[in-house]
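Residues per chain, in single letters:
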Amino acid sequence: MLINPVTPDIFQIQIPLPFALRIVNCYLVRGDAGWTVVDSGLNTSKARAAWQEAFAELGIRPREIEQIILTHIHPDHYGLAGWLVEWCVADGGQLPPVRLSAREAEIAARFWSRDVWQQPTYTAFWQQCAVPTDLAQAILETTEQTRQRTYPHPTTHDIIEPGVPIRLGNRIMQPLLMPGHSDGQLVFYNAADRLLLCGDHVLPTITPNISLWPDGEANPLGRYLASLDELARLDVRLALPGHGPVMVDGELHGRITQIAHHHHERLAQTEAALPQPSTVYEVSQRLFNHASLSVHEMRFAATETLAHLDYLVRHGRARRHEEAVWWFEGNRP
Ligand SMILES: [Zn+2]
């Protein structure tokens, strides 16, 4: 189903993705001043058609878009923001602001920009991870394909300050910074309704990818686990994720516990996957069944392995030797 009404004023819009993930959940929030769009999809003809269908079915004109809010700038959330802005303006609407955290705006400008595309940085990074050259090349090519699907980019951004309440539709919500899956991911919380828009911070059916990137902030897994703890303190009745079904009552908290447990288990497996000094790629081969992974998924397998290795080093459970290639060695006798 394409449109899923989750409250009288919030509709979940399921936008198709050309990945195994299949769907990104975006949200439309109705308000007196117009409609707030939360997250956008990747720029493909199917995704644009899904938005057109959803607007037609709900009887909304594109000019009624009041603002676009992005939880984070991963391509499946960011990719159609610029198109939605243009669609609104072409229909006679005011230029709707695109709102996101300062850190996400910075990453979008650098990572998705045609001019500042950092291929040399990434080529060196895959070499340090000892990813074979042909796979590294294939990864760069699929990343470039994805980058093409983030155009057009929004021309201006409005920065959301974590902790400073913001209006979505007619509801005031608290933006909270939840780093880990992305450095500057925001979730939006309304205590009175015990309602949370949780982006990809907690997902009901898959574990959000936690990766260490060459230009990302340090210690992503540590930051992620800390922000999961912070989220666990909120009283939430209805949580609206970026992928998968909505979580009601205790489901969010159950899922937080499961995901934290998964990472601790994964850390133990990573530690056990260091019988001798090993490269990131070698460890990822021991942790993931590479034969079953697409190029896109292999990229995440390597960077997620690196995030776990980095966490072990920070906690004295492994050592890292930085040569042309990074070597990791276990600390267990
Ligand atoms: Zn996502």
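Residues numbered from 1 in each chain as written. Predicted model: local features only at pLDDT ≥ 70, side-chain atom pairs only at ≥ 80, totals over all residues.

(A) Structural view of the overall build of the chain. Helices and strands together make up the secondary structure of the chain, namely 10 helices and 15 strands. The principal-axis extents of the C-alpha atoms in the chain amount to approximately 65 × 40 × 35 Å. Residue burial in the chain is summarised as follows: out of 333 residues, 42% are buried. Within the chain, contacts between residues at least 6 apart in sequence are counted, and of these 67% link residues at least 24 apart. (Helix = DSSP H or I, 4+ residues; strand = E, 2+ residues; numbered from the N terminus. Buried ≥ 20, exposed ≤ 12 C-beta atoms within 10 Å, placed from the backbone. Contact = placed C-beta atoms within 7 Å.)

(B) View of the sheet that holds strand β12 (residues 238-241). The strand order β8-β9-β10-β11-β12-β13 describes an open sheet built from six strands, whose pairing is mixed. At either margin of the open sheet sits one strand with a lone partner, and together these are β8 (166-168) and β13 (247-248). Across three bridges, the pairing between β8 and strand β9 (residues 171-177) is antiparallel. Note on β9: the bridge partner recorded for isoleucine 166 is methionine 173. (Pairing = 2+ DSSP bridges.)

(C) Summary view of the domain arrangement of the chain. Per the domain assignment, the segments of the chain are domain 1 (3-113 + 160-261) and domain 2 (119-146 + 271-330). Computed from C-alpha coordinates alone, the two centres of domain 1 and domain 2 are separated by 28 Å. Of the residues lining the interface, 14 residues belong to domain 1; the matching set on domain 2 comes to 15 residues. Residue contributions to the side of domain 1 that touches domain 2 peak at three residues, all from helix α7 (residues 220-232). (Domains from an automatic or database assignment.)

(D) Representation of the sheet that holds strand β2 (residues 10-16). Spatially, seven strands are ordered β1-β2-β3-β4-β5-β6-β7 in an open sheet, and the strand pairing comes out mixed. This sheet does not close on itself; its edge strands, each paired only once, are β1 (3-7) and β7 (158-159). The sheet contact formed by β2 and strand β3 (residues 23-31) spans seven bridges and is antiparallel. Bridge assignment links isoleucine 13 to a residue of β3, and that residue is cysteine 26. In the packing of helix α1 (residues 45-58) onto the sheet, the strands contacted are β1 and β2, and the crossing angle to β2 comes to about 150°. (Axes fitted to C-alpha atoms, helices over the stretch in contact; angles between N-to-C directions.)

(E) The arrangement of the pairing of strand β11 (residues 195-199) in detail. Within β11, five of the five residues are buried, which leaves it mostly tucked inside the rest of the structure. Side chains of β11 alternate between two faces, with Leu195, Leu197 and Gly199 and Leu196 and Cys198 buried alike. By the bridge criterion, three bridges tie strand β10 (residues 186-190) to β11 in an arrangement that is antiparallel. Residue pairing in the sheet places phenylalanine 188 in a bridge with leucine 197 of β11. In this structure, β11 lies alongside β12, joined through four bridges in parallel fashion. Bridging from a neighbouring strand, leucine 196 pairs with alanine 239 of β12. Crossover connection from β11 via α7 to parallel β12: handedness right-handed. (Right-handed = clockwise from strand over helix to strand, strands pointing away.)

(F) How the structure looks around the nonpolar core. Tyr27, Ile68, Leu84, Cys129 and Leu196 are the most contacted members of the largest nonpolar core, which totals 83 residues. Here the element with the most residues in this core is helix α10 (residues 295-314); it accounts for eight residues. In this structure, this core is formed jointly by two domains, domain 1 (3-113 + 160-261) and domain 2 (119-146 + 271-330), each of which donates at least three residues. Among all residues touching leucine 84, those that are not within four sequence positions of it are Val37, Ser40, Ile65 and Ile68. (Core = buried A, V, L, I, M, F, W, Y, C linked by C-beta atoms within 7 Å.)

(G) Here's a closer look at the pairing of strand β5 (residues 65-69). Burial runs high along β5: five of the five residues are buried. Summarising the sheet, strand β4 (residues 34-38) and β5 pair through four bridges and their orientation is parallel. Bridging from a neighbouring strand, valine 38 pairs with isoleucine 69 of β5. Once the chain exits β4 it traverses α1 before rejoining the sheet at β5, and the crossover so formed is right-handed. Both β5 and strand β6 (residues 98-100) contribute to a ladder of two bridges, which runs parallel. Bridge pairing links isoleucine 68 to valine 98 in β6.

(H) Layout of helix α8 (residues 251-272). Look at α8: 31 Å from first C-alpha to last across 22 residues, which is about the 32 Å you get at 1.5 Å a residue. Of the positions making up α8, those classed as buried are Leu252, Arg255, Ile256, His263 and Thr270. Taken down its axis, α8 places every buried residue within 105° of arc, on the same side. With respect to the buried face of α8, the exposed residues turned more than 90 degrees away are Gly254, Thr257, Gln258, His261, His264, Glu265 and Ala272. (Expected span 1.5 Å × (residues − 1). Arc of directions from axis to C-beta.)

(I) Focus on the packing of helix α5 (residues 119-128) against helix α6 (residues 133-148). Across the interface, α5 lies against α6 with an axial gap of 10 Å and an inter-helix angle of 145°. Along this stretch, α5 crosses α6, giving a crossing that reads as right-handed. Contacts between α5 and α6 involve Gln119, Tyr122, Thr123 and Trp126 from the first element and Ala136, Ile139 and Leu140 from the second. Split into classes, the residues belonging to the contact of α5 with α6 amount to five nonpolar, two polar and no charged. (Left-handed = near helix turned anticlockwise from the far one by under 90°. Nonpolar A, V, L, I, M, F, W, Y, C, P; charged D, E, K, R; others polar.)

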